[in-house]
Amino acid sequence: MDHLDHLVRGSWTPSGGGDAELPEHAAKWLAARTGFVARDTPAAPDSALAVADSALPDSARAALTAVVGDEHVLLDREARLGRTGGLSYLDLLRHRGGGEVTAPDAVVVPADPAQVQRVIEVCAAHGVGVVPFGGGTSVVGGVQALRGDKTSVVVLDLMRLDKLVSVDPVSRLAVLQAGVVAPEAERLLAEHGFTLGHFPQSFERATIGGFAATRSSGQASAGYGRFEDMVEGVRLATPRGEWQVGVSPASAAGPDLKQLIVGSEGAFGVITEVTVRVRPIPASDRYEGFVLDGWSAGADAVRALAQNGTRGTVTRLSDPTETEVGFALKGGWKMNAVRAYLRARGITDPCLLIIGWEGRTKADLTAARKATLRTLSKHKTVSLGQAAGAAWRHGRFAGPRQRDALMDAGVCVETLETATYWSKLDALRDTVREALTTTLTAGGHQPVVACHISHTYETGASLYFTTLVPRDLTDPVGQWAKAKQAACEAISTDSLGTISHHHATGVDHAPYLPREIGALGVDVLGAVKRELDPEGVLNPGKLI
Ligand SMILES: Cc1cc2nc3c(=O)[nH]c(=O)nc-3n(C[C@H](O)[C@H](O)[C@H](O)COP(=O)(O)OP(=O)(O)OC[C@H]3O[C@@H](n4cnc5c(N)ncnc54)[C@H](O)[C@@H]3O)c2cc1C
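Residues numbered from 1 in each chain as written. Predicted model: local features only at pLDDT ≥ 70, side-chain atom pairs only at ≥ 80, totals over all residues.

Within an unreviewed UniProt entry, the label attached to the protein chain reads FAD-binding oxidoreductase, and the organism entered is Actinokineospora xionganensis. Recorded in UniProt under Sequence similarities (unreviewed entry), the annotation for the protein chain is "Belongs to the FAD-binding oxidoreductase/transferase type 4 family." (UniProt positions renumbered as here; feature names shortened; annotations may be inferred.)

Student: Would you mind going over the overall build of the protein chain with me for this structure?
Tutor: Secondary structure assignment for the protein chain yields 19 helices and 20 strands. Taking 24 Å as the expected radius of gyration for a compact globule of 544 residues, we find that the protein chain reaches 23 Å, a close match to that expectation. Considering the protein chain as a whole, with its 544 residues, one finds that 50% of them fall into the buried category. A separation of at least 24 residues holds for 78% of the contacts in the protein chain among residues at least 6 apart in sequence. (Helix = DSSP H or I, 4+ residues; strand = E, 2+ residues; numbered from the N terminus. Rg over C-alpha atoms; globule rule 2.2 N^0.38 Å. Buried ≥ 20, exposed ≤ 12 C-beta atoms within 10 Å, placed from the backbone. Contact = placed C-beta atoms within 7 Å.)

Student: Would you explain the site of the ligand in this entry?
Tutor: Around the ligand, a shell composed of 40 residues is seen, among which Gly134, Gly135, Gly142, Gly209 and Gly210 lie nearest. The set of elements that each furnish at least two residues to the shell around the ligand consists of strand E5 (129-133), helix H7 (208-214), strand E12 (270-277) and helix H16 (399-408). The element best represented in the shell around the ligand is H7, accounting for five residues. Looking at the shell around the ligand residue by residue, the classes come out as 16 nonpolar, 21 polar and three charged. (Near = placed C-beta within 6 Å. Nonpolar A, V, L, I, M, F, W, Y, C, P; charged D, E, K, R; others polar.)

Student: Explanation requested: the domain arrangement of the protein chain in the structure shown.
Tutor: As a measure of interface size, the accessible area lost when the parts come together is often cited. Split into domains, the protein chain comes out as domain 1 (16-157) and domain 2 (284-396). On a C-alpha basis, the centres of domain 1 and domain 2 stand 39 Å from each other. (Domains from an automatic or database assignment.)

Student: Would you explain the sheet that holds strand E11 (residues 241-245) in this entry?
Tutor: Sheets are built from strands that pair by backbone hydrogen bonding, the pairs being arranged parallel or antiparallel. Spatially, E7-E8-E12-E10-E11 is the arrangement adopted by the five strands of the open sheet, whose pairing is antiparallel. The strands lining the two open edges of the sheet, one partner per strand, are strand E7 (164-168) and E11. Recorded for the sheet is a direction-independent mean angle of 10° between the axes of neighbouring strands. Here strand E8 (residues 173-177) runs beside E12; their pairing, made up of five bridges, is antiparallel. Of the residues in E12, the one forming a bridge with valine 175 is threonine 275. (Pairing = 2+ DSSP bridges. Axes fitted to C-alpha atoms, helices over the stretch in contact; angles between N-to-C directions.)

Student: Hey, could you run me through the nonpolar core in this one?
Tutor: Note on soluble globular proteins: their nonpolar side chains tend to be buried together. Ranked by internal contacts, the top residues of the largest apolar core, which has 142 residues, are Val108, Val119, Val154, Leu156, Ala212 and Leu353. If you count residues domain by domain, this core takes at least three from each of domain 1 (16-157) and domain 2 (284-396). Excluding anything up to four places from it in sequence, valine 119 contacts Leu64, Val67, Val68, Val108, Pro110 and Leu156. (Core = buried A, V, L, I, M, F, W, Y, C linked by C-beta atoms within 7 Å.)

Student: Looking at this model, I keep getting lost on the confidence of the model for the protein chain. Mind explaining?
Tutor: Any residue range with low pLDDT should be treated as having predicted coordinates unsuitable for detailed reading. Of the residues in the protein chain, 98% reach a pLDDT of 70 or more, and the chain-wide mean stands at 95. Here the complex is predicted with pTM 0.97, and the ipTM for its interfaces comes to 1.00. (pLDDT = per-residue confidence, 0-100.)

Student: Would you explain helix H13 (residues 332-344) in this entry?
Tutor: Each full turn of the α-helix corresponds to 3.6 residues, which orients residues three or four apart in the same direction. Between the first and last C-alpha of H13 there are 19 Å, a value that for 13 residues agrees with the 18 Å anticipated at 1.5 Å per step. Backbone geometry just downstream of H13 places glycine 346 in the positive-phi region, at approximately 80°. (Expected span 1.5 Å × (residues − 1).)

This is how it looks when you write it as structure tokens:
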């Protein structure tokens, strides 16, 4: 695993696009498909960014220093700039292009849950906003340093809460501090023979607290569940005091308050510890690729897998456009041979299906794989074998690096996600594709809008869209902002889908939340917030 700088904000990795490059064949394909002309648009240096002076009152600074020590209240430009915004395409653009960015007035780095609690109390007493910051990988504006009605705001960075607190191997439970980054969580748990099984594409950077705060979902959700399924208990610091929930695996003692905290995006409190369900590390795994002919055939097969309980641990279906993008980015004679092979097998509109199985024993894996293949045998499926599965697995965290390289070359590249019931899946996909295509077709440019299903349920599935189009250099922010707005309108009109399956609400999706949960739902969330955070200092402008 690479060492990733905690504070990089203009790209996924410190070297920007340098970790990946846009191969010539891929640039040619993009040119033919979108009208793209390669341009060198590297990130502007950090020195080109204007950061306003800190407005943190001296009294608040002194009180914070008394809690965490002088060296853990950071006021320097670099520390504040490093926690300015998340990692959406628009966040990256703001950092790359120069101009003014919204930096926090200070960064506070407490050492443990007790210090987090006291920091929150100090901020509430001084009317200072607090933005909890885990890995800073939010793509919906969740870590933007907004002030709301406050005159100053601090980022509360959880990076020092990096410990595995305890493991209960009998119950298969572990308590992890909120700032533990996902690869470190896996490393710490592996020492006890366990895995969490949570592998979002942001795995390398995101934290346990961030996963809980956003109801994250990882690539192996078919086998391990979403993050909220893994949460058994939460310790939360609030201006009203500490709140701990979760004492047993199930309970009929009223509504599940744990689920009120999970997904609260720092607006109700700061998660300091999470008790998670863990599983023994699987003894064996196997990944394979299959191809189905056309989106409907692919979606039908994946639905059958989900509804009769024969999914793999990973089950991921690309639509024809995403399959084409994948083949085009790889390029070379091997891809041409695959295309020819598929044509010869009667596949005219290839949809790539990746399935990964894991087993406690080899026999378990074999049985699970057989069950999947039995379901797939009822659908017209061509196997691409383990090589295709291994290729996907090898590149499963490469997307953010490729995005850096594409951004350097002048491409507008961004993703968005939603979910709905199976009966509405095609309508949702068509509507979002139409919205993105219409808004981004301009000036001789044609976008590529690719889609995949990577999280399935008995009743429905997620849809994840990736869009590529030459960047509008005169109004790059407006170009994507309009497209995203059109997609959000398409998703939320007539409750076609959810405004977020796993990226959360943040700032970007907040305007659409009332359509999804209703005015009464917004009032309920508002009441909870007022109860836990009467001064309104927690993560101003997010969620509600
Ligand atoms: C390239 C890329 C790929 C991604 N892929 C996926 C994916 O596959 N699946 C997925 O689910 N998400 C994905 N995301 C989104 C993001 O990684 C998730 O939302 C993740 O859960 C955020 O974790 P984090 O530690 O980075 O949180 P941050 O970005 O730091 O924070 C996210 C939100 O949670 C709040 N928060 C953070 N920590 C705490 C805490 N301890 N207590 C209270 N509130 C807190 C923040 O204030 C903010 O509102 C992706 C993002 C990127 C950039």
